[in-house]
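Chain and residue survey
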Amino acid sequence: MFLKYKICRNTILPIIAAILFMGVFGAGKPFASAAAQTESPSAFAVNFSYITKLNSADTSLLREVAVNINKEFEFSSAAQFKNIYTFQSSLPANAVRQKLVGQSPASAAYVEYNQAVQAEQLTVTQLPNDPGFSTNEFNIDKQWGLAKAKFIEGWDKTKGNTATVVAVIDTGIDRTHEDIRATRFIDGYNVMTGKKIINYTNSDDNGHGTLVSGVIGAVTNNATGISGANWSVTLMPIKALNTSGSGSASNLSEGIVWAADNGANIINLSLGGIGFSHDTTLANAITYAFDKNVVVVAAAGNDVAITGGNLDIEPVFPICNDNGKNMVIGVTATDVNDLKPSFANYGKACVDVAAPGRRILSTINHDPATGLDAPDSYAYASGTSLATPYVSAQAALLKSLFPLASNRQIRDRIISTADNIDNLNLYQCGGKSCKGLMGSGRINVAKSLQDAIISITDGDIVQVIGTSDWYYINGGKRQLISAFVRNQRYSTAVPKQVFMSELERFPEGSYAEPSDGTLIKTPDSGTVYYMNKGLRLPVTYQIFLMRNFDFKNVYTLSSSEVNSWVAGSFLTPPEGTLVRTGKNPTVYWVVGEVLHPINFKFYQDRGLSIFPVVYISDNDLTKLPTGASYVLD
């Protein structure tokens, strides 16, 4: 039986022909130039600008040296701002001060230059000239989603790169559309026919794939239609759904594998299926792509009418094909008020983030009402299918700015920088709060691009952004560094700044260990431990004295910290010591912090007889590390 897939049943409003935009955004009249004015010679005199505080309201002295006198702070009754004036004078500052500063009632307390100030120069994003673009995040008649998700601010960091390839696995893409034809493409694949999609052909006989693709990569700043979230990107059309928007699990799996094998960095899956169990082939295809460092983004689906919308109860695939490793970035939808629309699915296990998905303006080439061709057209559409390409576009921007970033790092950055909107969605999830059911929140592209993505490897010392927590990466695990160990071992270290989500691929290990030779204990026990190669070795009182340890050098650390380190054998006596018990005549020689049994001939031949033998208890001997025997025949 073929498992059927359908596009996420978007609500698509009637098509808007391109002609709609003409005239509405017509050019305005140019401003008239100002009339030329004749300047008098006095206009070229050099005047200095000053500010002064007079000792009284008497301005007689001030009028002798000043022109253009203005009283300031008239709104304030504070004494320090009374009788303050700004003025201009042709006299230099020292001459003005000689005239004004003095003890008379009309004199000034101080005279200073009235220095010019200027607003800090800001980076102003080049705004697109496309008629559908808007900087107003509440303008539902235009592209409100770009402003709401902070793409516009993000463009200050990057507008994208054609080296980044986004595969749109869908109904195909109309590469002849007026607002897409200049977008860069590479060859795609038609799963239905088993043939490549080449040249500038139209592979979309439904319209859904073109709608999705416009959000990601419609040509920006071409004074036509809409603005793509990426100004520069490469699209790969993969047709895995037929003219009705349906396909099978095998079709989808083939499309994913083909995209992964042919250079896709990001795969957009604005589709889903319900009513069947986890599909092994599809799960394997997603794992295959993920292991090839591909970012996989999938829609949560619009199945409220059938499933109640809770993916934790009725999972939808492929969004829930994570194989327990969160290989798919699951996306639900939001409206202009950051509220989850009634149609959008939700759930803790499968949804990672939310993105704009209600009344989204994009490119289309078919009239959904009649099924007839509608070239070079645009439509408003709603659905998680439209939210998903926003996240794919964000992933493409991240990949262009950080080309060496892994898919895990991109996934984690998208999730960790989203704006939490749980407090706004108090009853949108089945009549109850959406807390924890819409992922980490609505995406924030500007925030995700703000800080560099840093590769974390063994031996790195990292600090979690926004906290004082330091970690040491050791053996593929993250070890929390306590204040004591930080001061002891890493006082001069400069940690890498990372998000906590970037550490999640490293399982939590023990605390980072103190330096070898450190003596430690817990607050609730008298046992002293000696740190050696990551192990805590208990120290008996006898050996404590034999090694000339001092209790003032024993550090008390928290029980949780000390107990996180593996306990080893008891600390041995000093190197070269001879030990035995009272009951057993066998003598042991301490070499390399290990007790080696020796026989009498070895004892005499090596001249050990001149050293004293230390007696320890039988119980302590069993806790000390023993090695090979040293014997001579």
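Description of the structure in this document.

Moving on, we get to empty space enclosed by the protein. For the structure on display, the rule yields one cavity of 30 Å³ or more. Roughly 40 Å³ of internal volume is contained in the largest cavity. Taken together, Thr540, Gln542, Ile543, Phe570, Ile616, Asp620 and Leu624 make up the lining of the largest cavity. Here the lining of the largest cavity is composed, by residue class, of four nonpolar, two polar and one charged.

Strands sit in the order S23-S22-S21-S24 across an open sheet of four strands; the sheet is mixed. Two strands close off the open sheet at either side, each with one partner strand: strand S23 (477-481) and strand S24 (496-498). Strand-to-strand twist of the sheet, defined as the mean angle between neighbouring strand axes without regard to direction, takes the value 40 degrees. Pairing of strand S22 (residues 470-474) with S23 involves five bridges; the strand directions are antiparallel. Residue pairing across strands places isoleucine 473 opposite arginine 478, the latter belonging to S23.

The next thing to look at is the state of the cysteines. One pass over the structure, following the stated rule, counts two disulfides. A sulfur-sulfur distance of 2.1 Å marks the disulfide that ties cysteine 320 to cysteine 350. In this structure, the disulfide formed by cysteine 320 and cysteine 350 twists by about 120 degrees around the S-S bond and is classed as right-handed. Of this pair, cysteine 320 sits in the loop between helix H8 (304-307) and strand S17 (328-334) while cysteine 350 sits in the loop between S17 and strand S18 (353-356); the two residues are 30 residues apart in sequence, bridging distant segments of the chain. On the accessibility criterion, cysteine 350 (6% relative accessible area) is buried. Disulfide connectivity for the protein, with bonded cysteines indexed by sequence position, reads 1-2, 3-4.

Within the element layout of this structure, serine 392 appears in helix H9 (residues 384-401). Here the side chain of serine 392 touches asparagine 268 through a polar contact of 2.7 Å, side chain to side chain. Excluding residues that lie within four positions of it along the chain, serine 392 makes contacts with Val166, Ile216, Ile266, Ile267, Asn268 and Val297.

Take the packing of aromatic side chains next. A complete count under the given rule lists 15 aromatic pairs for this structure. Ring plane angle 20 degrees and centroid distance 6.0 Å describe the contact between tyrosine 530 and phenylalanine 549, whose orientation is recorded as stacked. Remark: phenylalanine 549 occurs in the loop between helix H14 (541-546) and strand S28 (554-556) and tyrosine 530 occurs in strand S26 (residues 528-532); sequence separation between them is 19 residues. Pairing tryptophan 589 with tyrosine 630 gives two aromatic rings, centres 6.1 Å apart and planes at 75 degrees, and the pair type is edge-to-face.

In this structure, Phe151, Val353, Val391, Ile414 and Ile443 are the most contacted members of the largest nonpolar core, which totals 54 residues. Examining the composition of this core, we find that nine residues originate from one element, H9, more than from any other. In contact with isoleucine 443, other than residues within four places in its own chain, are Ala149, Phe151, Val353, Ala354, Ala355, Tyr390, Val391, Gln394, Ile414 and Ala418. With 37 residues, the next largest nonpolar core counts Ala240, Ala300, Met327 and Cys350 among its residues.

Here we take up helix H7 (residues 280-291). Its 12 residues place the ends of H7 16 Å apart at the C-alpha level, agreeing with the 16 Å of an ideal helix rising 1.5 Å per residue. The complete set of buried residues in H7 reads Leu282, Ala283, Ala285, Ile286, Thr287, Ala289 and Phe290. Positive backbone phi, at 70 degrees, marks asparagine 293, one or two positions downstream of H7.

Further remarks concern the environment of glycine 568. Counting through the fold element by element, glycine 568 comes out in the loop between helix H15 (559-563) and strand S29 (578-581). For glycine 568, a relative accessible area of 22% translates into the label partly exposed. If near-sequence neighbours (up to four positions away) are discounted, glycine 568 is found in contact with Leu535, Arg536, Leu537 and Pro538.

With that settled, the discussion passes to unusual backbone geometry. The peptide bond linking phenylalanine 317 to proline 318 adopts the cis configuration, its omega dihedral lying at 15 degrees. Along the chain, the position of proline 318 falls in the loop between H8 and S17. Backbone geometry at asparagine 68 places phi at a positive 55 degrees, although glycine is not the residue there. Mapped onto the secondary structure, asparagine 68 falls in strand S5 (residues 67-72). Of note, the phi angle at asparagine 293 is positive, near 70 degrees, even though the residue is not glycine.

Relative to each other, helix H5 (residues 208-217) and H9 sit at 40 degrees, their axes nearing to 8 Å. With respect to H9, the axis of H5 lies oblique. For H5 against H9, the interelement crossing comes out right-handed. Judged by residue contacts, His208, Leu211, Val212, Val215 and Ile216 of H5 engage Ser385, Leu386, Pro389, Tyr390, Ser392 and Ala393 from H9. Its residues assigned to classes, the contact of H5 with H9 shows eight nonpolar, three polar and no charged.

So, about the sheet that holds S29. The strand order across the open sheet formed by four strands is S31-S30-S29-S32, and the pairing between neighbours is mixed. Among the strands making up the open sheet, the edge pair consists of strand S31 (594-598) and strand S32 (613-616). Strand-to-strand, the axes of this sheet are offset by a mean angle of 40 degrees, without reference to chain direction. As judged from the four bridges shared by S29 and S32, these two strands associate in the parallel manner.

Calculation rules
Residues numbered from 1 in each chain as written. Predicted model: local features only at pLDDT ≥ 70, side-chain atom pairs only at ≥ 80, totals over all residues. Heavy atoms only, no water. 1 Å grid on protein atoms, 1.4 Å probe; cavity = no way out; pocket = protein on both sides within 12 Å on 5 of 7 lines; lining within 4 Å. Points joined across faces, edges and corners; volume = space filled by probe spheres on them. Nonpolar A, V, L, I, M, F, W, Y, C, P; charged D, E, K, R; others polar. Pairing = 2+ DSSP bridges. Helix = DSSP H or I, 4+ residues; strand = E, 2+ residues; numbered from the N terminus. Axes fitted to C-alpha atoms, helices over the stretch in contact; angles between N-to-C directions. Disulfide = S-S within 2.5 Å. Buried < 20%, exposed > 50% of the residue type's maximum accessible area, 1.4 Å probe, protein only. Polar contact = N/O pair within 3.5 Å; in protein donor to acceptor, adjacent residues only side chain to side chain. Contact = heavy atoms within 4.5 Å. Phe/Tyr/Trp six-rings, centres within 6.5 Å; stacked < 30°, edge-to-face > 60°. Core = buried A, V, L, I, M, F, W, Y, C linked by side-chain atoms within 4.5 Å. Expected span 1.5 Å × (residues − 1). Parallel < 35°, antiparallel > 145°, perpendicular 65-115°, else oblique. Left-handed = near helix turned anticlockwise from the far one by under 90°.

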